[in-house]
Amino acid sequence: MGYFILKLLNYICCMAEDLTITRSTDKEERYQSLIPQIEALIFGERDLVANLANISAALKEQFKWFWVGFYLVKDNELVLGPFQGPVACTRIAKGRGVCGAAWEQAKTLIVADVEAFPGHIACSSLSRSEIVLPMIQNGEVVGVLDVDSEELNWFDQTDAKYLEQIVKLLQF
Ligand code: SME
């Protein structure tokens with residue numbers, strides 16, 4: 001029932017431009033404010049690309065990260081999906097770079113300094129630290145969420161915890 005009310009509110013009032021951005025400097029508060037809005041944005045919408053596009057935009061608007069977006073597994077490669085930020089590498093092989101490693105290991109990787117990560121793929125020389133989370137469906141990695149920062153050591157377990165919650169909201 002709560003979900004139907006949420007969906008109704010979504011139809012009535014929740015256009016993308018109505019995203020409420022908190023100015024709090026507390027990272028947890030930012031995620032806690034954003035996650036219900038993401039739930040409302042994607043509730044009832046079954047188109048994966050539409051949902052990935054809106055999630056990228058919402059995360060970018062709230063956190064102003066350098067790059068945030070998705071790669072999807074297609075024909076045994078990661079292929080660039082919806083994202084916000086500068087143009088990026090289109091295809092990544094399994095095990096290559098941080099994205100390919102997160103796919104191969106099926107686990108979240110936090111990289112404090114991308115230059116210290118063997119095989120890191122520098123889509124932009126401005127990216128200094130990164131977090132990549134696998135998107136898992138029926139035990140298989142079907143894609144990754146990748147976030148890049150221009151600052152060293154930007155991501156921590158709080159980002160991992162909340163970004164994992166966001167990825168779990170998706171239905172593939
Ligand atoms: N740096 C990533 C490649 C993707 S871009 O950062 C958008 C990697 O090493 O896998």
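Data block above holds the structure.
The structure contained in this document is the topic of the report that follows. Just so it is clear, the structure is predicted and the values come from calculations on it, not from any experiment.

1. As for the overall build of the chain
In step 1: Within the chain one finds five helices and six strands.
In step 2: For the chain, the α and β elements follow one another from N to C terminus as α-α-α-β-β-β-α-β-β-β-α.
In step 3: Here the C-alpha radius of gyration of the chain, 16 Å, is about what a compact globule of 172 residues would show, namely 16 Å.
In step 4: Seen through its principal axes, the chain has C-alpha atoms that stretch 50 × 35 × 25 Å.
In step 5: The long-range share in the chain, meaning contacts at least 24 apart out of those at least 6 apart in sequence, stands at 53%.
In step 6: Of the roughly 9200 Å² that the chain leaves accessible, carbon and sulfur atoms contribute 52%.
In step 7: Between the centroid of the 15 positive side chains of the chain and the centroid of its 23 negative side chains there is a distance of 2 Å.

2. What to know about the site of the ligand
In step 1: Around the ligand there are 13 residues in total, and Val 98, Cys 99, Ile 121, Glu 130 and Asp 148 lie nearest to it.
In step 2: Separating an oxygen atom of the ligand from a backbone N or O atom of Val 98 is a distance of 3.0 Å.
In step 3: Among the elements of the structure, β1 (67-74), α4 (97-105) and β6 (140-149) are those that each provide at least two residues to the shell around the ligand.
In step 4: The leading source of residues in the shell around the ligand is α4, at three residues.
In step 5: Tallied by class, the residues present in the shell around the ligand amount to eight nonpolar, two polar and three charged.

3. Side note on the pattern of salt bridges
In step 1: Scanning all chains against the criterion turns up four salt bridges.
In step 2: One salt bridge in this structure joins Glu 28 and Lys 161, with 3.9 Å as the shortest N-O distance. Highlighted residues: Glu 28 in helix α2 (residues 27-42) and Lys 161 in helix α5 (residues 157-168), separated in sequence by 133 residues.
In step 3: Take Glu 28: its relative accessible area is 31%, and that puts it in the partly exposed class.
In step 4: The partner of Glu 77 in a salt bridge is Arg 91, with the nearest N and O atoms 2.9 Å apart. Taken together, the residues Glu 77 in strand β2 (residues 77-84) and Arg 91 in strand β3 (residues 91-93) connect sequence positions 14 residues apart.

4. What to know about the packing of α2 against helix α3 (residues 48-63)
In step 1: One can describe the packing of α2 onto α3 by two numbers: an axis separation of 10 Å at closest approach and a directional angle of 155°. One way to sum up the angle between α2 and α3 is to call them roughly antiparallel. Of the two possible hands of crossing, α2 and α3 adopt the one that is right-handed. From α2, Arg 30, Tyr 31, Leu 34, Ile 38, Leu 41 and Ile 42 reach across to α3, where they touch Asn 51, Asn 54, Ile 55, Ala 58, Leu 59, Gln 62 and Phe 63.
In step 2: For the contact of α2 with α3, the per-class residue count stands at nine nonpolar, three polar and one charged.

5. Quick word on the packing of aromatic side chains
In step 1: Within this structure, the stated rule accounts for six aromatic pairs.
In step 2: Measuring from centroid to centroid gives 5.2 Å for Trp 67 and Phe 83, while their planes differ by 20°, and the two rings are stacked. Separated by 16 residues along the polypeptide, Trp 67 in strand β1 and Phe 83 in strand β2 bring together distant segments of the chain.
In step 3: Here Phe 83 falls in the partly exposed class, since its relative accessible area comes to 27%.

Reading the values: rules and limits
- Residues numbered from 1 in each chain as written.
- Predicted model: local features only at pLDDT ≥ 70, side-chain atom pairs only at ≥ 80, totals over all residues.
- Heavy atoms only, no water.
- Helix = DSSP H or I, 4+ residues; strand = E, 2+ residues; numbered from the N terminus.
- Rg over C-alpha atoms; globule rule 2.2 N^0.38 Å.
- Contact = heavy atoms within 4.5 Å.
- Areas by Shrake-Rupley, 256 points an atom, 1.4 Å probe, with all protein chains shown as cover.
- Lys, Arg positive; Asp, Glu negative; His and termini not counted.
- Charge placed at Lys NZ, Arg CZ, Asp CG, Glu CD.
- Near = heavy atom within 4 Å.
- Polar contact = N/O pair within 3.5 Å; in protein donor to acceptor, adjacent residues only side chain to side chain.
- Nonpolar A, V, L, I, M, F, W, Y, C, P; charged D, E, K, R; others polar.
- Salt bridge = Lys/Arg side-chain N within 4 Å of Asp/Glu carboxyl O.
- Buried < 20%, exposed > 50% of the residue type's maximum accessible area, 1.4 Å probe, protein only.
- Axes fitted to C-alpha atoms, helices over the stretch in contact; angles between N-to-C directions.
- Parallel < 35°, antiparallel > 145°, perpendicular 65-115°, else oblique.
- Left-handed = near helix turned anticlockwise from the far one by under 90°.
- Phe/Tyr/Trp six-rings, centres within 6.5 Å; stacked < 30°, edge-to-face > 60°.

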